[in-house]
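What follows is each chain in one-letter form.
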Amino acid sequence: MKQHAILIETHANLDLLTRVLNKMMSENHYFFIHVDKKNQDYNDFIALESDHVIFTHKRYNVKWGSVEQIYLTLELLKTAKKHPIDFDYYHLISGQDYPTKNNQNFDLFFNNTEKSFMELDWNNPIAPRLMYYHLNGLFNVKAKGLGEKLERHFIKIQTYISKYIPLRKKIQQDLYKGSNWWSLNKQLVNYILSYIESHPSYLKRFRYTSCCDEVFFHTIAFNSPLKNTIELNDLRYYDWVKTYPLESLPRILNAQDFHKILNSNSLFCRKVNMKDSIKLIKLIDAQQ
């Protein structure tokens, strides 16, 4: 039976996290959890700690799109690697993900494969995230306000300057981008961590970039000798189509999405919450 490390990045949603843990708990499933430093109810999360539920000692205050997203993912991987069990797979999920299969079917899927699973996105340019200095780590640049205005004007100035002077050093690899949620086998995880340890300048180069947790791991993986062992599928279900004009994406899933999720052969769906998605969650659990 393969051993699984479930890496969870959350900032809230204690009730949902508890439900995920209860659903996925198994003798061969271990959970490694990072709770955002902004959360004021950390003791409530720590109450879930057990032999199978481990929290990172280091917590990051993550702003949208900042490099701290990379740091906390590395913290989760390193915490799992310190565990006595040599895990076969590492699955990165958010605190708004929910498993779509029962443990038997989840384990059966991975017992029949040796591949890693990552999605690639060919539609959006990568260079703007890397080749300008971004303010994500200093301000909330997503919400309308001072941070968003500063970021917009700062990028505008850099766009003009970069026509004449290169502002940032290029990364000397082919760049790849995709979903920042993945399921990787231990060989690829070992390669990624070894690469970062032997190339400290690579991690340093991602400071003051934007949303590069979607670039950092993919670029290492798809330039590695293990690239042919990666299936271009992250095994997650999302919906990027708005149902009303101001809806944020990916949209919050509800009971109307049940059959699409069921037919997707995904292992996790996102985003969900305990208010809008509870009927969906109950439908998922009932069909197992």
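Whatever comes next refers back to the structure up there.
Residues numbered from 1 in each chain as written. Predicted model: local features only at pLDDT ≥ 70, side-chain atom pairs only at ≥ 80, totals over all residues. Heavy atoms only, no water.

S.K.: How should I be thinking about the nonpolar core in this particular structure?
M.R.: Among soluble globular proteins, nonpolar side chains are generally buried collectively. Ranked by internal contacts, the top residues of the largest apolar core, which has 44 residues, are L7, F32, F206, F216 and F217. When contributions to this core are tallied by element, the ones reaching two or more residues are β1 (4-10), β2 (29-35), α3 (68-81), β4 (89-94), α7 (186-198) and α9 (213-222). In terms of residue count, the dominant contributor to this core is α3 (seven residues). Once residues lying within four places of it in the same chain are set aside, the contact partners of F217 are I70, T73, L74, L77, M118, W182 and I192. Membership of the second largest hydrophobic core comes to 32 residues, among which are V20, Y42, F55 and L267. (Core = buried A, V, L, I, M, F, W, Y, C linked by side-chain atoms within 4.5 Å. Buried < 20%, exposed > 50% of the residue type's maximum accessible area, 1.4 Å probe, protein only. Helix = DSSP H or I, 4+ residues; strand = E, 2+ residues; numbered from the N terminus. Contact = heavy atoms within 4.5 Å.)

S.K.: Would you mind showing me how to read unusual backbone geometry here?
M.R.: Peptide bonds are, in most cases, trans, and in most cases residues other than glycine have a negative phi. For the bond running from L249 to P250, omega is -5°, close enough to zero to count as cis. Put simply, R270 and K271 share a cis peptide bond, and its omega is 5°. One can find K271 in the loop between β10 (268-270) and α11 (278-286). Look at N13: it is not a glycine, yet its phi comes out positive at around 60°. By secondary structure assignment, the location of N13 is in the loop between β1 and α1 (14-24).

S.K.: Can you walk me through the side chain of T73 in this structure?
M.R.: With respect to the element layout, T73 can be found in helix α3. Those residues in contact with T73 that lie beyond four places of it in its chain are E9, L92, W182 and F217.

S.K.: Would you explain a positive patch on the surface in this entry?
M.R.: On the surface, a cluster of positive charge is contributed by K37, K58, K78 and K82. Relative to the assigned elements, K82 resides in the loop between α3 and β4. (Patch = residues over 30% accessible without salt bridge, like charges linked within 9 Å, V, L, I, M, F, W, Y side chains within 5 Å. Areas by Shrake-Rupley, 256 points an atom, 1.4 Å probe, with all protein chains shown as cover. Salt bridge = Lys/Arg side-chain N within 4 Å of Asp/Glu carboxyl O. Lys, Arg positive; Asp, Glu negative; His and termini not counted. Charge placed at Lys NZ, Arg CZ, Asp CG, Glu CD.)

S.K.: How do you make sense of the packing of α3 against α7 when you look at a structure like this?
M.R.: The axes of two packed helices give the description: the angle between them and the distance between them. Across the interface, α3 lies against α7 with an axial gap of 12 Å and an inter-helix angle of 115°. Judged by the inter-axis angle, α3 sits roughly perpendicular to α7. As α3 packs across α7, the resulting crossing turns out to be left-handed. Residues L74, L77 and K81 of α3 form the contact with α7, whose participating residues are V189, N190, L193 and I196. The residue makeup of the contact of α3 with α7, split by class, is five nonpolar, one polar and one charged. (Axes fitted to C-alpha atoms, helices over the stretch in contact; angles between N-to-C directions. Parallel < 35°, antiparallel > 145°, perpendicular 65-115°, else oblique. Left-handed = near helix turned anticlockwise from the far one by under 90°. Nonpolar A, V, L, I, M, F, W, Y, C, P; charged D, E, K, R; others polar.)

S.K.: Where do I start with the side chain of E151 in this structure?
M.R.: Locating E151 in the fold gives a position in helix α6 (residues 146-161). With no salt bridge to any partner, buried E151 finds its closest opposite charge in R152, at an N-O distance of 9.7 Å. Engagement of the side chain of E151 in a polar contact is seen with the side chain of H134, the distance being 2.7 Å. Residues in contact with E151, not counting those within four places in the same chain, are H134, L135, N136 and V141. (Polar contact = N/O pair within 3.5 Å; in protein donor to acceptor, adjacent residues only side chain to side chain.)

S.K.: So what exactly am I meant to see when it comes to the pattern of salt bridges here?
M.R.: For side chains of opposite charge, pairing can occur when their charged atoms come near one another. Taken as a whole and judged by the stated rule, the model has 16 salt bridges. A salt bridge links E214 to R129, with the shortest nitrogen-to-oxygen separation between them at 2.9 Å. Within this pair, whereas E214 is found in helix α9, its partner R129 is found in helix α5 (residues 127-131), the two being separated by 85 residues in sequence. On the basis of relative accessibility, which here comes to 17%, the residue R129 falls in the buried class. Measuring nitrogen to oxygen at the nearest pair gives 3.3 Å for the salt bridge that ties D257 to K260. Among the residues examined, K260 registers a relative accessible area of 42% and is labelled partly exposed.

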